[in-house]
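Here's the letter readout for the chains.
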Amino acid sequence: MRATQTQTTQRPRLKTVKPPLWKVILLNDDFTPRDFVVGVLRSVFRMTESEALGVMLTAHRKGSCVVAVFTREIAETKAKQGTDAGVVAGFPLTFTTERE
Ligand code: TYC
């Protein structure tokens, strides 16, 4: 090789494709008891008491709160589990999903 030539090594470029993420959003309502909302956030979203309290209060004060972000299927499953828990107990608790 001549002095002016540069040797380069070609490394394969590995493409990592990130899946789109979906937000789970908690909506406020006037009927579901605060403690019930906290309980659902703890059981479905594995939150601590203080995390769940913070999310519940944000939804209560602002109308909605982002609970967590997942891939689409997990977000939809968790939103359904949370909403279904409200239905079973007779409350209009609602979780929706939205693409980030
Ligand atoms: N606003 C409800 C009440 O005063 C409590 C509540 C908070 C309900 C958050 C839903 O997403 C919610 N009992």
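Here the structure is shown first, and the text comes after it.
Calculation criteria
- Residues numbered from 1 in each chain as written.
- Predicted model: local features only at pLDDT ≥ 70, side-chain atom pairs only at ≥ 80, totals over all residues.
- Heavy atoms only, no water.
- Helix = DSSP H or I, 4+ residues; strand = E, 2+ residues; numbered from the N terminus.
- Rg over C-alpha atoms; globule rule 2.2 N^0.38 Å.
- Buried < 20%, exposed > 50% of the residue type's maximum accessible area, 1.4 Å probe, protein only.
- Contact = heavy atoms within 4.5 Å.
- Areas by Shrake-Rupley, 256 points an atom, 1.4 Å probe, with all protein chains shown as cover.
- Lys, Arg positive; Asp, Glu negative; His and termini not counted.
- Charge placed at Lys NZ, Arg CZ, Asp CG, Glu CD.
- Axes fitted to C-alpha atoms, helices over the stretch in contact; angles between N-to-C directions.
- Parallel < 35°, antiparallel > 145°, perpendicular 65-115°, else oblique.
- Left-handed = near helix turned anticlockwise from the far one by under 90°.
- Nonpolar A, V, L, I, M, F, W, Y, C, P; charged D, E, K, R; others polar.

Counting its secondary structure elements, the protein chain contains three helices and three strands. Taken from N to C terminus, the helices and strands of the protein chain fall in the order β-α-α-β-α-β. For the protein chain, the C-alpha radius of gyration of 22 Å lies well beyond 13 Å, the compact-globule estimate for 100 residues. Expressed along its principal axes, the backbone C-alpha trace of the protein chain runs to roughly 80 × 25 × 20 Å. Per-residue burial for the protein chain yields a buried fraction of 28% across its 100 residues. Expressed as a percentage of contacts within the protein chain between residues at least 6 apart in sequence, the contacts between residues at least 24 apart total 71%. Per element, the accessible surface of the protein chain, about 7,500 Å² overall, is 53% carbon and sulfur. When the 15 positive and 10 negative side-chain charges of the protein chain are each reduced to one mean point, those points stand 16 Å apart.

Before going further, it helps to spend a moment on the packing of helix H1 (residues 34–45) against helix H3 (residues 72–89). Running from amino to carboxyl end, H1 crosses H3 at an angle of 140 degrees, the nearest separation of the two axes being 10 Å. Judged by the inter-axis angle, H1 sits oblique to H3. The hand of the H1/H3 crossing is right-handed. Within the contact between the two elements, H1 uses Phe36, Val40, Val44 and Phe45 and H3 uses Lys78, Gln81, Gly82, Ala85, Gly86 and Ala89. In terms of residue class, the contact of H1 with H3 is built from six nonpolar, three polar and one charged.

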